[in-house]
Amino acid sequence: MQLSNYHSHCTFCDGRSYPEEFIKFALAHHFRAYGFSSHSPLPFETFWNMSKEDMPDYLTEIGRLKQKYKDRIEIYIGLEIDYLDETYNPSVSYFRDLPLDYRIGSVHFLPVALPLSPGHVVTIDGPYAELEQAIRLHYGGSVRRLVAQYFESSMRMVESGGIDIVGHLDKIYMNSCLNPDFNFEAEWYQRPFNSYLDLIAEKGLMVEINTKNLTRKRQTFPRAEYLPRLRQRNIPVMVNSDCHYPDLVNDGRKEAFELLLAAGYGSTRELVQGKWQDVPID
Ligand SMILES: [Zn+2]
Ligand SMILES: [Zn+2]
């Protein structure tokens, strides 16, 4: 089982500890590779995202840790970049020009009005009550319309590029499945979901198996039952814990590898000496 993690947050965004504390935990658990992926700066302030002003310090600090621990663990610097709309997303030059080892693309916010601002976006993974209110206010009470916009945004993110890894591919289900009208089996869920997988495969992107909610809520992103569909499409995957606390660095990893094996995966895509390679699951 690979001991790596490429999706993690620290005090540069909404993570709850300093970057070095995560490395200490990873070292104690014999990790081979560890990557930081702070929430990208946005055109507006949020509780979760780092600020543009902090970017130089982020690059410097992770660079310092890379050097300090280079004989013991491979440390990588990435970013979890939000797709907001055509004007602000991972493909814009600000992100392309940053000296990063990799980029995770994620959809957390769906714009419902312009200009882009905290009051003009719906947050998909905040409290459920807020999402329920947003469904009433902005989607005419229809969870289908919310789901449709999520997959449209996600597909535009993959089309416009600038990312290596698709972050928590179907996180929209975390909250929206609590809505009484939600139905995984419905054509309005299955069709965009499958089209999204087709597009990801066509573009040759990697997908993470995100274990943030595995232990606590029995959820993975993508959903465990859909992993065979990724396998059929030859989509490369890796297991990421999306941890915000050092003691959750390794959370859910073992179980996620069991799910991957059950889905027919024999390897994961890993950063080894700075290059993405397929590493057999042992
Ligand atoms: Zn995320
Ligand atoms: Zn994250």
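Residues numbered from 1 in each chain as written. Chains lettered and ligands numbered in written order. Predicted model: local features only at pLDDT ≥ 70, side-chain atom pairs only at ≥ 80, totals over all residues. Heavy atoms only, no water.

Q: Which parts of the structure should I look at to understand the coordination of the zinc ion (ligand 1)?
A: Under ideal tetrahedral coordination, the four donors around a metal are separated by 109.5 degrees; under ideal octahedral coordination, the six donors are separated by 90 or 180 degrees. The coordination sphere of the zinc ion (ligand 1), as far as protein atoms go, consists of Glu 80 (OE), His 108 (NE2) and His 168 (NE2), spread over 2.1 to 2.2 Å. Ordering the donors of the zinc ion (ligand 1) by residue number gives the pattern E-x27-H-x59-H. (Donors = N, O, S within 2.8 Å, 3.2 Å for Na, K, Ca; no water.)

Q: Please clarify how the layout of surface pockets should be interpreted in this entry.
A: Empty pockets left among the atoms are what a rolling probe the size of a water molecule brings to light. One number sums up the size of the largest pocket: a volume of about 630 Å³. As for the largest pocket, its lining consists of 29 residues, and the residues nearest its centre are Lys 171, Lys 212, Asn 213, Arg 216 and His 244. Elements with a contribution of two residues or more to the lining of the largest pocket: strand 3 (74-82) and helix 8 (214-217). If you tally residues by element for the lining of the largest pocket, the top one is helix 8, at three residues. Tallied by class, residues from the lining of the largest pocket come to seven nonpolar, eleven polar and eleven charged. Counted as a void, the second largest pocket has a volume near 190 Å³. Looking at the second largest pocket, the residues that line it are Pro 118, Gly 119, Val 121, Val 122, Thr 123, Glu 130, Leu 131, Gln 133, Ala 134, Leu 137 and His 138. Among the secondary structure elements, those contributing two or more residues to the lining of the second largest pocket are strand 6 (121-123) and helix 4 (128-138). (1 Å grid on protein atoms, 1.4 Å probe; cavity = no way out; pocket = protein on both sides within 12 Å on 5 of 7 lines; lining within 4 Å. Points joined across faces, edges and corners; volume = space filled by probe spheres on them. Helix = DSSP H or I, 4+ residues; strand = E, 2+ residues; numbered from the N terminus. Nonpolar A, V, L, I, M, F, W, Y, C, P; charged D, E, K, R; others polar.)

Q: How should I be thinking about the packing of aromatic side chains in this particular structure?
A: Each aromatic ring pair is described using two quantities: the centre-to-centre distance and the angle formed by the ring planes. Enumeration according to the criterion identifies 22 aromatic pairs in this entry. Between the aromatic rings of Tyr 88 and Phe 95, the centroid separation amounts to 5.7 Å while the plane-to-plane angle is 85°, which identifies the pairing as edge-to-face. One exposure class covers both Tyr 88 and Phe 95, and it is buried. Through pairs of rings, three or more aromatic residues link up here, namely Tyr 150, Phe 151, Tyr 173, Phe 182, Phe 184, Trp 188, Tyr 189, Phe 193, Tyr 196, Phe 221 and Tyr 226. The ring centre of Tyr 94 lies 4.3 Å from the NZ or CZ of Lys 52, which sits over that ring. The ring of Phe 184 carries Arg 223 above its face, with NZ or CZ at 3.4 Å from the centroid. (Phe/Tyr/Trp six-rings, centres within 6.5 Å; stacked < 30°, edge-to-face > 60°. Buried < 20%, exposed > 50% of the residue type's maximum accessible area, 1.4 Å probe, protein only. Lys NZ or Arg CZ within 6 Å of the ring centre and 35° of its normal.)

Q: What exactly am I supposed to notice about the coordination of the zinc ion (ligand 2) here?
A: All of the protein donors around the zinc ion (ligand 2) are His 7 (NE2), His 9 (NE2), Glu 80 (OE) and Asp 242 (OD); their distances to the metal are 2.0 to 2.3 Å. The sequence pattern describing where the donors of the zinc ion (ligand 2) fall on their chain is H-x1-H-x70-E-x161-D. The metal-metal distance between the zinc ion (ligand 2) and the zinc ion (ligand 1) is 3.3 Å, with Glu 80 serving as a donor to both. Taken together, the positions of His 9 in the loop between strand 1 (4-5) and helix 1 (19-28) and Glu 80 in strand 3 put the pair 71 residues apart, joining distant regions of the chain. With respect to burial, His 9 and Glu 80 carry one shared label: buried.

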